[in-house]
Amino acid sequence: MWLDPLLVFALAASAGIALLTAPAAAGLLLVGVLLLVARRANARVLVGLLLCLVIGALRGAASIAAFDAERRATRDALGPPARCQLRGSVDTSPTWVGGRTAYVLRVDTAQCDLGAVREGTRVRLGGGPDDLARGDKLEVIAQIAPIELLFNLDLPNPLPGAARRRVTLSGSALSVEREAPGRGIFAAIDRSLARVRRRIAHTFARDAEPMARALVLGENDLDPDDDAAFRQSGLSHMLAVSGTHLVFAVLTLVHAVGALLARIEALSARFDTGRLAALFGVVLSLGYADFAGGSGSAWRAAYMLSAALLARALGRLPCGSRALGLSLALGWLRDPLLLFDISFLLSTAATIGLLTLGGPLRAHAEKLGSQPARWVGSAISTTLAAMIPCAPLLALLGSELTFAGLIANVVAAPIGEAVALPLCLVHAMSAALPRLEAGLALVGSGALLVVREIAKESAAQHWLSFPMPTPSAFHLAVAALLATALVLARNAGRALGWLRFWAISGVLALILIEMSARRAGVPRGLLRTTALAIGQGDSSLIDLPDGRLILVDAGGSPDGGADPGARVVLPVLRARRRTRLDIVVLTHPHPDHFGGLLAVLNAVEVGEIWDSGQGALEGAGPVYAELRRVAQARDIPIRGPRDLCDRRQDFGGALLRVLGPCPDFTRGRGANDNSIVFSLRFGKRSLLFTGDAETSEERELLASRRPLLAADVLKVGHHGSRTSSSSDLLDAVHPRLATISCGVRNRFGHPVPHIVARLASYGATVLRTDRDGALQIQTNGETLEFSSSYPDTTTSLAWKLAPLWPL
């Protein structure tokens, strides 16, 4: 059954892009699969498999390259954030997120105070009427900027995911005028969706309303604490539009239509009304997936249910593996970068688990003595069958998995799927009956709040949780190969010993890969520094030759936004298998340098913190105050310039010396000019970190520390501002490499062009995190090597292969 050609070809086409994103791991998986199936599949299937892989890779490459070209052209045309008058049409189904409407506008014409926006550009906007629909013609005044893609060497490449969305600009709508309403089926769906959203907001309890919208409309707008609880407890799937929703919503109506048609004697005498109703269900499945947000899981479930209903309409028996294959094939035809839709992957993995593991596990449960025990065993078996294949994917999303999720699913599933789901779906159709609508909302709210409490209680059971390292591409490849081997061996009726052989071999391979990942995360005998891509701000990791690790700042947007500590720093540490920071250096108390530190302090062990102390005496806001409070509560030493100046610290041969502000910060002077400046020397190579030092501190360094400033690598001060990197400083440093940390969306114009030109005039290679992504520099004391995360293997191969696939 599992060598169904359609399923094999669909899996190959969908996974073909992995040959670009992770060529070594994908090649390992391909060779392993070919060896496993060589004896079970004929030559035509094998040739088809390879052909689908190549087509999938070429089609994905074309999509990535076309989007990247558009992204860069749009970025260069607009420049820094600008206010623009946009005219265009709504291009995606609007959602409600964070208290405002979110949608994508396809631009027809644009006028901006700075820069330009080309016709056809897709802009993601927040703000506007709550009843917008696809096709609406709008005139919008908006503050927009290029999208920020954070390329980091230790994290997945964000470009394929962005290419799926095809949005190159984003911002806030300041005013919106609808010039003409949209027409057609999609506009009608969106207006129906807006009416249902308003009724949910009006009738459901306030705390339950976001969950009801997630359940019915597929909108992810949960309170952050609730969202974390559902993810940590393994109950997120209960609020995602999935196969359960479609089975209940669509099949209920299909059976109702079938029963109605059967009562029409003239029709039932000539036709099989069940087959006619099934044909109606195909259309209904696809329409409901679009209505419910069009997520990857919704479309996969809709495609699979449509395949089963189409088989019924044609008078054939549905086949699970073929229906799954058809759903994957349709998904790939719709989206060549389907592999990067985590909701689609989770839905597919859970379905495969239910088809392959569900039966055997339930068979064991049926052997239990009592009926209640059999019921509980069957529920646990179903949960296990769905969760086991999803575990590697879930490890990509969080640092822990929990056994409490098994119990939580058994307890919450009957409430969520048998009570909350049907009530919410019926509520969506009951606006004409206000009392019924209110009653459904009341009971539905209660059921959802009970599920939320189960999620929170489950997430709080930390003793049942266990840490999961971020799986690498090789981890995922070996896990997929092991799963394929076990399924094929079991379907072929192989002996238990053969199954054990594959299980033990797979586990040993995973252990070896994990040992290799841990060694790579802690280089010995090398000095490695990584300027992280965190947007407009500053953050660097320094791996010292003796294995210790320094974090210099942790970014933070001056305008708020995503926490770079949680979004970048912690995921990078997790990917490197690092749970301790020996030193955290806060160069100066500005939000774009300390904004992400609180998340870091709360998640990893910290040896000591270096801080100028200016913020403690002069004040730097509540986040900075909380940082110091947390450090003191955890007994983390905080060292200032008086403790650090004039001390040369040796870290396995790497000599670190703090150069400023010495002997202490200067009161009354700006925080930038009190930045902690330090040098690192290892063998013949040296690096200089200048924080946001400006003219005044640069003059002090030149007057008192000039012989110590010479460096091969300069971390450019203040993001390449005109107030830093004076000619006098560059005369003393004379760097070979200059790194600038800045963001695409910064409104300050960093880096200033004449500063970049000045650095280049001194012979320095200038690297920027906004253009080059994370910047990694490594030395053994003799040679100096550097690399950037953009363009990476994925992007360069995509550009080379794109011409082979006509768009």
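For the structure given in this document, a descriptive report is provided here. (Residues numbered from 1 in each chain as written. Predicted model: local features only at pLDDT ≥ 70, side-chain atom pairs only at ≥ 80, totals over all residues. Heavy atoms only, no water.)

Another point: the sheet that holds strand S13 (residues 605-611). Judged by pairing direction, the sheet is mixed, and its eight strands sit side by side in the order S14-S13-S12-S11-S10-S9-S22-S23 without closing on themselves. Taken across any chain shown, the strands that pair with only one partner, and hence form the sheet edges, are strand S14 (638-639) and strand S23 (784-788). Sheet topology note: the S13/S14 ladder contains two bridges and is parallel. When the bridges of S14 are listed, Ile 609 appears paired with Ile 638. Of the strands in this sheet, strand S12 (580-586), S13 and S14 are in contact with helix H25 (residues 622-633), which crosses S13 at around 130°. (Pairing = 2+ DSSP bridges. Helix = DSSP H or I, 4+ residues; strand = E, 2+ residues; numbered from the N terminus. Contact = heavy atoms within 4.5 Å. Axes fitted to C-alpha atoms, helices over the stretch in contact; angles between N-to-C directions.)

Attention shifts here to the sheet that holds strand S17 (residues 677-682). Overall, mixed pairing links the seven strands, which are arranged S15-S16-S17-S18-S19-S20-S21 in an open sheet. If you trace the sheet from one side to the other, it starts and ends with strand S15 (648-651) and strand S21 (765-768), each paired once. Neighbouring strand axes in the sheet, compared pairwise and without regard to direction, differ in orientation by 20° on average. As paired strands, strand S19 (residues 713-715) and strand S20 (residues 737-740) are joined by three bridges and run parallel to one another. Paired with Lys 715 across the strands is Thr 739, a residue of S20. Contacts between helix H27 (residues 695-705) and the sheet are confined to strand S16 (654-660) and S17, with S16 contributing the most and set at about 120° to the helix.

Take the packing of aromatic side chains next. In total, this model carries six aromatic pairs according to the counting rule given. With a centroid separation of 4.8 Å and an interplanar angle of 10°, the aromatic rings of Phe 678 and Phe 689 are classed as stacked. Pair noted here: Phe 678 is in strand S17 and Phe 689 is in strand S18 (residues 685-689), with a separation of eleven residues, a long-range link. In this structure, Phe 678 and Phe 689 share a single accessibility class: buried. The ring of Trp 332 is capped by Arg 59, whose NZ or CZ atom sits 4.7 Å from the centre of that ring. In this arrangement the basic side chain of Arg 71 is found over the ring face of Tyr 790, its NZ or CZ atom lying 5.5 Å from the centre. (Phe/Tyr/Trp six-rings, centres within 6.5 Å; stacked < 30°, edge-to-face > 60°. Buried < 20%, exposed > 50% of the residue type's maximum accessible area, 1.4 Å probe, protein only. Lys NZ or Arg CZ within 6 Å of the ring centre and 35° of its normal.)

Here Cys 662 and Pro 663 are connected by a cis peptide whose omega angle stands at 0°. Structurally, Pro 663 can be placed in the loop between S16 and S17. Looking along the chain, the bond that leaves His 750 and enters Pro 751 is cis, with omega of -10°. By the element assignment, Pro 751 lies in the loop between S20 and helix H29 (753-761). Despite not being glycine, Asp 646 shows a phi value in the positive range, around 60°. By the secondary structure assignment, Asp 646 is in the loop between helix H26 (641-644) and S15. Backbone geometry at His 734 places phi at a positive 45°, although glycine is not the residue there.

Our next topic: the state of the cysteines. For the structure shown, the criterion picks out two disulfides. Residue Cys 84 pairs covalently with Cys 112 via a disulfide, S to S 2.0 Å. Measuring the twist about the S-S bond at about 110°, one finds the Cys 84-Cys 112 disulfide to be right-handed. With a gap of 28 residues between them, Cys 84 in strand S1 (residues 82-90) and Cys 112 in strand S3 (residues 100-112) connect regions that are remote in the sequence. (Disulfide = S-S within 2.5 Å.)

Bringing the environment of Asn 409 into the picture now. Considering the arrangement of structural elements, one finds Asn 409 in helix H17 (residues 404-427). For Asn 409, a relative accessible area of 6% gives the class buried. In sequence terms Asn 409 and Ser 458 are 49 residues apart; their C-alpha atoms lie 9.7 Å from each other. When neighbours within four sequence positions are excluded, Asn 409 is seen to be in contact with Ser 233, Gly 234, Leu 235, His 237, Thr 383, Met 387 and Pro 414.

Within the element layout of this structure, Gly 128 appears in the loop between strand S4 (122-126) and strand S5 (137-146). Judged by relative accessible area, which is 35%, Gly 128 ranks as partly exposed. Each C-alpha atom, one on Gly 128 and one on Arg 100, is 7.3 Å from the other, the two residues being 28 residues apart in sequence. Excluding residues that lie within four positions of it along the chain, Gly 128 makes contacts with Thr 101 and Val 176.

Moving on: empty space enclosed by the protein. Tallied over the entire structure, the rule returns five cavities of 30 Å³ or more. In this structure, the largest cavity is lined by Val 584, Leu 586, Leu 597, Leu 601, Ile 609, Asp 611, Tyr 624, Leu 627, Arg 628, Ala 631 and Ile 638. Contributions of two or more residues to the lining of the largest cavity are made by S12, helix H23 (597-601), S13 and H25. For the lining of the largest cavity, the class distribution of residues is nine nonpolar, no polar and two charged. Of the pockets and cavities examined, the second largest cavity occupies roughly 80 Å³. Lining the second largest cavity we find 13 residues, and of these Thr 529, Phe 689, Val 713, Thr 739 and Ile 777 sit closest to its centre. Secondary-structure elements contributing two or more residues to the lining of the second largest cavity are strand S9 (527-531), S18, S19 and strand S22 (775-779). Tallied by class, residues from the lining of the second largest cavity come to eight nonpolar, four polar and one charged. (1 Å grid on protein atoms, 1.4 Å probe; cavity = no way out; pocket = protein on both sides within 12 Å on 5 of 7 lines; lining within 4 Å. Points joined across faces, edges and corners; volume = space filled by probe spheres on them. Nonpolar A, V, L, I, M, F, W, Y, C, P; charged D, E, K, R; others polar.)

Further remarks concern H25. The first and last C-alpha atoms of H25 sit 16 Å apart over twelve residues, in line with the 16 Å expected at 1.5 Å per residue. Of the residues making up H25, those classed as buried are Tyr 624, Leu 627, Val 630 and Ala 631. Down the axis of H25, the buried set is contained in an arc of 120°. They therefore lie on one face. Exposed positions of H25 whose direction lies more than 90 degrees from the buried face are Pro 622, Gln 632 and Ala 633. Residue Asp 635 follows H25 closely and has a positive phi angle near 60°. (Expected span 1.5 Å × (residues − 1). Arc of directions from axis to C-beta.)

The alternating pattern of S20 places Leu 737 and Thr 739 and Ala 738 and Ile 740 on opposite faces, both of which are buried. Handedness of the S19-helix H28 (residues 727-733)-S20 crossover: right-handed. Bridge count for S20 against S21 is four bridges, and the pairing is parallel. From the neighbouring strand, Ile 740 faces S21, where its bridge partner is Arg 768. (Right-handed = clockwise from strand over helix to strand, strands pointing away.)

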